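Survey of secondary and tertiary structure
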Amino acid sequence: MELPTSAVLRQPPHSLPILSAEELLTQRREPCNRIEELVGTTPKHFEQFYGTALQRYARFVQQLPASESHHHAYAGGLLDHGLEVLINALKLRQGYLLPPGAAPEDIVHRHDLWTYAVFAAALVHDVAKAAVDQIVTAYSADGGRTWVWNPWIGDLPDEADAHWYRTEFMRNRQYRLHEKASPLFAQRLLGAEGMAWLASDREAFSAWLGWVSGDTLQSGVLGEIVGQADGSSVARDLGAQPSPRTTVAAGKVIPLQEKLITALRFLIDERELPLNRNGAACWRVGDDLWLVSKRTVDALRAHLMQTGHSGIPTQNDRLYDVLQEHGILVPCDDRAIWRAEVAGDGWAHELTLIRIPLARIWTNLDQWPEPFNGQIKPRTLEHDTRPADAVLSSSSEECAESGDTARIATDTPPPAKPDSSPTGADSKPLKQASSSLGNSVIDWVRQGLADRSIDYNQPHARVHLVPEGVLLISPGLFQDYAHAHPEESWETVQKRFFKLGLHQRTTSGTNVHTYQVVGGNRATRVNGIVIPDVERLFTPPAPKPNPHLRPNSR
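As the structure is a computational prediction, the values presented were derived from the model and not from experiment.

What counts as what
- Residues numbered from 1 in each chain as written.
- Predicted model: local features only at pLDDT ≥ 70, side-chain atom pairs only at ≥ 80, totals over all residues.
- Heavy atoms only, no water.
- Helix = DSSP H or I, 4+ residues; strand = E, 2+ residues; numbered from the N terminus.
- Buried < 20%, exposed > 50% of the residue type's maximum accessible area, 1.4 Å probe, protein only.
- Areas by Shrake-Rupley, 256 points an atom, 1.4 Å probe, with all protein chains shown as cover.
- Pairing = 2+ DSSP bridges.
- Axes fitted to C-alpha atoms, helices over the stretch in contact; angles between N-to-C directions.
- Contact = heavy atoms within 4.5 Å.
- Core = buried A, V, L, I, M, F, W, Y, C linked by side-chain atoms within 4.5 Å.
- Salt bridge = Lys/Arg side-chain N within 4 Å of Asp/Glu carboxyl O.
- Patch = residues over 30% accessible without salt bridge, like charges linked within 9 Å, V, L, I, M, F, W, Y side chains within 5 Å.
- Parallel < 35°, antiparallel > 145°, perpendicular 65-115°, else oblique.
- Left-handed = near helix turned anticlockwise from the far one by under 90°.
- Expected span 1.5 Å × (residues − 1).
- Bend = angle between axes of the 7 residues up to and from the residue.
- Arc of directions from axis to C-beta.
- pLDDT = per-residue confidence, 0-100.
- Nonpolar A, V, L, I, M, F, W, Y, C, P; charged D, E, K, R; others polar.

Some remarks on the overall build of the chain
When its secondary structure is counted, the chain shows 20 helices and 14 strands. Relative to its 554 residues, the chain shows a buried fraction of 50%. When the accessible surface of the chain is totalled, it reaches about 26500 Å², and 51% of it is carbon and sulfur.

Here it is as structure tokens:
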């Protein structure tokens, strides 16, 4: 950027210089070269459709972070993440024959366009984070004049006299709004020529539109490729896999306790663990955050596993131990779990909770959530020998887990159940009755689908909508339940589930149905249990059936 000869450079504190696209990409020459190798086209064609788009992307995102405190949360993180997703997606694309099911000569003819569709989907997927998640303040060369950059009007380098900038994340920003806004930047990045080429193939264009608009069913294989590429980049940065950025730092390994804190911060910031209301998962009182114990660690485990982390303990007690050993949670005497009454305006529930100082989750006071307009009253643990994760009141725990349908607890203690008498500290939890265990599975799946800790209609998901109802992948879903509830084997869990009689048998009288996965490069089958009553698991309106599944035998 040219400056008047009289200009004096004076960099404001915590600011970054506005750089040209060439400067930004020269610092990242290796990934840019790798992208060109994977595309495998002529230099002229690459520059026209790919190189120019990369320059526009770099010029727009500058050195902004990809997130506040999750993946790629550092200066330049959004650009690094974008390039890494592109590389991952183009690598994966080489393993697919696109478009799916086309004749060989058609696949050859449309190869380059489908490669560009993958590139375009990966490039656009996170670009709006710069516009809807962050507030960027621009500074003049001497630092004497400031103004807020409007990304909807132009790039930072286009603004007269802008030389430095500083960013901060919006408070109370809307969850995943960037996913809805990113398509609005597509033509700005791809240009008229790129959009015209993409739109010339209706099938590729439809899949691309499906991905950028959040319709995973419409995006099909293209969405599968870019989604997996994005997940791999996030996982590597969070320590699930070695990353080019971290291997330089002597094989950096992120300890489990740090992964747990990072995941917890993300789940709360993104509202996946609801806060400060009836049916929430956590409440802020003073300088502490109180969290429903089992719901929280189940969500932490699911999030870490979904983002590619391995070696996550399957027993909740072990996760409590890790948090307690590293001074992350405040113990109740020598135990991780507190029993307390959470009371708000017209409602109260007795729950099992963990207590974590806010400063352990957010080091910046400005990031702390608003206080809870209610009370938390800890109960005495004297003579209480029940398991730490036992439900203090079945109705109140059900209320806390159910979200918007929480019931008001009364002062009258619930009647004791025949199988819920206290056990010794070293005793194993008593087995649940068959109907109780089966219904627990239903409640667990329904809650997981509601908070998206259990995915559906996605590749490798455990739940799919089919024309016949809801398909629960077996034995995978029941193995997942057993991992979260180690007192039961998955075989027992599945048998108790069958006792409910909610499933539909095949014409031959067996419990398990076989479905064919269509649209891929090779035939794949999945086995599962069909629940005809969709509303047992999904609140209306239910999602549409997965078009990639067809009954193989009935």
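Anyway, onward from the coordinates.
Quick look at the sheet that holds strand 3 (residues 146-148)
Strand order in the open sheet made by the four strands is 1-4-2-3, with antiparallel pairing throughout. Edge strands, defined here as strands with exactly one partner in the open sheet, are strand 1 (16-17) and strand 3. Bridge analysis of strand 2 (residues 134-140) against strand 4 (residues 162-169) gives seven bridges, and the strand direction is antiparallel. Among the inter-strand pairings, A138 is bridged to a residue of strand 4, identified as Y165.

Some points on the sheet that holds strand 8 (residues 347-357)
On the basis of which strands lie adjacent, the open sheet formed by five strands has the order 5-6-8-7-9 and antiparallel pairing. Unpaired on one side and paired on the other, strand 5 (282-285) and strand 9 (375-378) mark the two borders of the sheet. When strand polarity is set aside, the average angle formed by the axes of neighbouring strands in this sheet is 40 degrees. With four bridges joining them, strand 5 and strand 6 (residues 288-292) adopt antiparallel strand pairing. The partner of W283 across the bridge, within strand 6, is W290.

Structural notes on the environment of H548
Among the structural elements, H548 can be located in the loop between strand 13 (524-531) and strand 14 (549-553). A relative accessible area of 26% means that H548 is categorised as partly exposed. H548 sits 328 residues away from G220 along the chain, and the two C-alpha atoms are 8.2 Å apart. The residues contacting H548, other than those within four sequence positions of it, are L217, G220, Q516, V517 and V518.

Things to note about the nonpolar core
Counting 72 residues, the largest nonpolar core has I35, L54, F119, L123, L190, W208 and L222 as the members making the most contacts within it. By residue number, the principal contributor to this core is helix 6 (residues 111-124), which donates eleven residues. Those residues in contact with F119, other than ones at most four positions away along the chain, are I35, F49, Y50, A53, L54 and L86.

Quick word on the pattern of salt bridges
This structure, assessed with the given rule, holds 18 salt bridges. Among the salt bridges present, the one from R59 reaches D155, with a minimum N-O distance of 3.1 Å. Separated by 96 residues along the polypeptide, R59 in helix 3 (residues 43-61) and D155 in the loop between strand 3 and strand 4 bring together distant segments of the chain. Note that D298 and K294 form a salt bridge whose closest N and O atoms lie 2.6 Å from each other. Of this pair, D298 and K294 are both found in helix 14 (residues 293-306), four residues apart, which corresponds to roughly one turn of the helix. K294 matches D298 in its accessibility class, with the two residues each being buried. Taken together, the shared-partner salt bridges connect D106, R110, D201 and E203 into one network.

Let's talk about a nonpolar patch on the surface
A grouping of W152, I153 and L184 is seen on the molecular surface, where their side chains present a nonpolar patch of about 390 Å² in accessible area. As for its position among the elements, L184 is in the loop between helix 8 (177-181) and helix 9 (186-199). The exposure class of L184 is exposed, given its relative accessible area of 63%.

What to know about the pairing of strand 2
With six of its seven residues buried, strand 2 lies for the most part within the structure. Alignment of strand 2 against strand 3, held across three bridges, turns out to be antiparallel. Directly across from Y139, in strand 3, lies its bridge partner T146. If you look at the hairpin formed by strand 2 and strand 3, you'll find five residues sitting between the two strands, and G143 has a positive phi there, around 75 degrees.

With respect to the packing of helix 3 against helix 9
Two packed helices can be described by the angle between their axes and the distance between those axes. Closest axis-to-axis distance for the helix 3/helix 9 pair is 7 Å, and the angle between their directions is 155 degrees. Taken together, helix 3 and helix 9 sit at an angle that is classed as roughly antiparallel. The way helix 3 lies across helix 9 gives a crossing that is left-handed. On the side of helix 3, the interface is formed by H45, Q48, F49, A53, R56, Y57 and F60, while helix 9 contributes R188, L189, L190, G191, E193, G194 and W197.

Observations regarding helix 11 (residues 216-237)
In this model helix 11 runs just 24 Å from its N-terminal to its C-terminal C-alpha over 22 residues, more than 12% under the 32 Å that 1.5 Å per residue would give. Largest kink in helix 11: about 75 degrees, centred on L222. Most of helix 11 is tucked away: 16 of the 22 residues are buried. With its phi angle positive at about 95 degrees, G239 sits one or two positions after the end of helix 11.

Describing unusual backbone geometry
Cis geometry marks the peptide bond from L98 to P99; its omega dihedral reads 0 degrees. Tracing the backbone through its elements, the reader meets P99 in the loop between helix 4 (77-93) and helix 5 (104-109). Here the amide bond leading from P540 into P541 is cis, since omega sits at 0 degrees, within 30 degrees of zero. Looking at where P541 falls in the secondary structure, it is placed in the loop between strand 13 and strand 14. If you check the backbone angles, H72 has positive phi at about 50 degrees while not being a glycine. The topology assignment puts H72 in the loop between helix 3 and helix 4.

As for helix 20 (residues 490-499)
Of all the residues in helix 20, the buried ones are V493, Q494, F497 and F498. Buried residues of helix 20, seen end-on, are gathered within an arc of 135 degrees and therefore sit on one face of the element. Seen from the buried face of helix 20, the exposed residues on the opposite side, beyond 90 degrees, are K495 and K499. One or two positions beyond helix 20, positive phi appears at G501, with a value near 70 degrees.

Things to note about the confidence of the model for the chain
Confidence along the chain averages 81 in pLDDT terms, with 84% of residues attaining 70 or more. Note that pLDDT drops below 50 for residues 242-252; the model gives that stretch seven contacts with residues more than four away or on any other chain. Confidence over residues 382-434 falls short of pLDDT 50; this stretch has 80 contacts with residues more than four positions distant or in other chains.

As for the packing of helix 13 (residues 256-269) against helix 15 (residues 316-325)
Contact pair helix 13 / helix 15: the axes reach a minimum separation of 10 Å and the direction vectors enclose 100 degrees. By the angle class used here, helix 13 and helix 15 are roughly perpendicular. Together, L256, Q257 and L260 of helix 13 and L319, V322 and L323 of helix 15 make up the contact between the two elements. The class makeup of the residues in the contact of helix 13 with helix 15 is five nonpolar, one polar and no charged.

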